[in-house]
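An overview of the molecular structure
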Amino acid sequence: MNVDQAEVKKFEDLAARWWDPDSEFAPLHAINPLRANWIDSHAQVAGKTLLDVGCGGGILSEAMAQRGAMVTGLDMGEKPLAVARLHALESQLEIDYIQQPVETLAEEQPESFDVVTCMEMLEHVPDPASVISACAKLCKPGGYLFFSTINRNPKSYAFAILGAEYVLKLLPRGTHDWQKFIKPAELAAAVRQADLLVGETLGMTYNPITKQYKLVNHDVDVNYLMAARKPG
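Described in the following lines is the structure provided in the data block. Predicted, not measured: the structure shown is a model, and the values here were computed from it.

**Comments concerning the overall build of the protein chain**
Secondary structure summary: the protein chain contains eight helices and eight strands in total. Its C-alpha atoms give the protein chain a radius of gyration of 16 Å, within 12% of the compact-globule value 17 Å for 232 residues. Viewed in the frame of its principal axes, the protein chain has a C-alpha envelope of about 45 × 40 × 35 Å. Counting every position in the protein chain, which comprises 232 residues, the buried fraction comes to 52%. Contacts spanning at least 24 positions in sequence make up 70% of the contacts within the protein chain whose residues lie at least 6 apart. Charged side chains in the protein chain number 21 positive and 30 negative. The centres of these two groups are separated by 5 Å.

**Concerning the sheet that holds strand β7 (residues 212–216)**
As summarised here, the arrangement of the eight strands in space is β3-β2-β1-β4-β5-β8-β6-β7, forming an open sheet in which the pairing is mixed. The open sheet has two edge strands with one neighbour each: β3 (95–99) and β7. Along the sheet, successive strands turn relative to each other by an average axial angle of 20 degrees, direction set aside. Both strand β1 (residues 49–53) and strand β4 (residues 113–119) contribute to a ladder of four bridges, which runs parallel. Following the sheet pairing, Leu 50 is matched in β4 by Val 115.

**Observations regarding the pairing of strand β8 (residues 223–229)**
Taken across its seven residues, β8 has five buried, putting it largely inside the fold. Pairing between strand β5 (residues 139–150) and β8: seven bridges, direction antiparallel. Bridged to Thr 149 within β8 is Tyr 224. Sheet topology note: the strand β6 (residues 197–207)/β8 ladder contains six bridges and is antiparallel. Bridge pairing in β8 links Leu 197 to Arg 229.

**Some points on the pairing of β5**
Most of β5 is tucked away, with 10 of its 12 residues classed as buried. At this point the chain moves from β4, through helix α6 (residues 128–138), to the parallel β5, and the crossover so formed is right-handed.

**Details of the nonpolar core**
One finds Trp 38, Ile 39, Met 64 and Phe 146 to be the most contacted residues of the largest nonpolar core, which totals 33 residues. Of all the secondary structure elements, the ones that give two or more residues to this core are α2 (26–43), α3 (59–66), α4 (78–90), β3, β4, β5, β6 and β8. A per-element tally of this core places α2 first, with six residues. In this structure Phe 146 touches Trp 38, Ile 39, His 42, Ala 43, Val 115, Val 116, Thr 117, Cys 118, Met 119, Met 226 and Ala 227, once residues within four positions along its chain are discounted.

**Re the environment of Ser 112**
Secondary-structure assignment places Ser 112 in the loop between α5 (102–108) and β4. Ser 112 sits in the partly exposed class, given a relative accessible area of 25%. Along the sequence, Ser 112 and Leu 138 sit 26 residues apart, while their C-alpha atoms lie 5.7 Å from each other. In contact with Ser 112, other than residues within four places in its own chain, are Thr 49, Leu 138 and Lys 140.

**Section: empty space enclosed by the protein**
Under the counting rule described, the total for this entry stands at one cavity of 30 Å³ or more. Among the secondary structure elements, those contributing two or more residues to the lining of the largest cavity are β5 and β8. Here the residues of the lining of the largest cavity are counted per class, giving four nonpolar, three polar and two charged.

**Regarding the state of the cysteines**
Under the criterion given, the structure shown has zero disulfides. You can see Cys 55 has no disulfide; the closest cysteine sulfur is in Cys 118, sitting 11 Å from it. As a non-bridged cysteine, Cys 135 has Cys 118 as the owner of its nearest cysteine sulfur, 4.7 Å distant. Its relative accessible area of 0% is what places Cys 135 among the buried residues.

What counts and what doesn't
Residues numbered from 1 in each chain as written. Predicted model: local features only at pLDDT ≥ 70, side-chain atom pairs only at ≥ 80, totals over all residues. Heavy atoms only, no water. Helix = DSSP H or I, 4+ residues; strand = E, 2+ residues; numbered from the N terminus. Rg over C-alpha atoms; globule rule 2.2 N^0.38 Å. Buried < 20%, exposed > 50% of the residue type's maximum accessible area, 1.4 Å probe, protein only. Contact = heavy atoms within 4.5 Å. Lys, Arg positive; Asp, Glu negative; His and termini not counted. Charge placed at Lys NZ, Arg CZ, Asp CG, Glu CD. Pairing = 2+ DSSP bridges. Axes fitted to C-alpha atoms, helices over the stretch in contact; angles between N-to-C directions. Right-handed = clockwise from strand over helix to strand, strands pointing away. Core = buried A, V, L, I, M, F, W, Y, C linked by side-chain atoms within 4.5 Å. 1 Å grid on protein atoms, 1.4 Å probe; cavity = no way out; pocket = protein on both sides within 12 Å on 5 of 7 lines; lining within 4 Å. Points joined across faces, edges and corners; volume = space filled by probe spheres on them. Nonpolar A, V, L, I, M, F, W, Y, C, P; charged D, E, K, R; others polar. Disulfide = S-S within 2.5 Å.

Encoded structure:
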């Protein structure tokens, strides 16, 4: 399986704090409105089937469900999924959470979803291209796909590793492995290899003084998002 059990364990150990906005998941809570609005601006998710790959505790899944999407969340972590199911129940949202590799689901349910999201997940798996290919198989012709990850360069090491994990302590130490980061050109190549069309690519920046995140057109040096579409 295309799964790093050590990566799964990291998030299993933190699962109980997933919905605490002041916990290690504070950055996810802070960026969630930005990424949810961006996805919705492209795909208009209301009434559409949406698969959230690497959903964790369900922060993005719930945001998509609140916008009217029929959401399936997919993850390999048992504890985060248990947290996600409980929180969805408390939020009175119907979300189908599944513990399964995305490649397996792609074989079982090809072309089943109007929208596929895979956010902050590719840098945590051994073979990101395999995940992208599976996401492409799961998407209906004409559907939308959205990816986000972290660039690999000296600046991303300084900001995403040293800055975020050691200086600002936005994330626990060891959350990321710089060698697993993915350059935008590499992600675009994998998207095209999966027979998808590359769409808008945006950077996501963080201001440590204002503690604000924002999406920008010109700076993909660290965090970035990429839209894609399946022909048809």
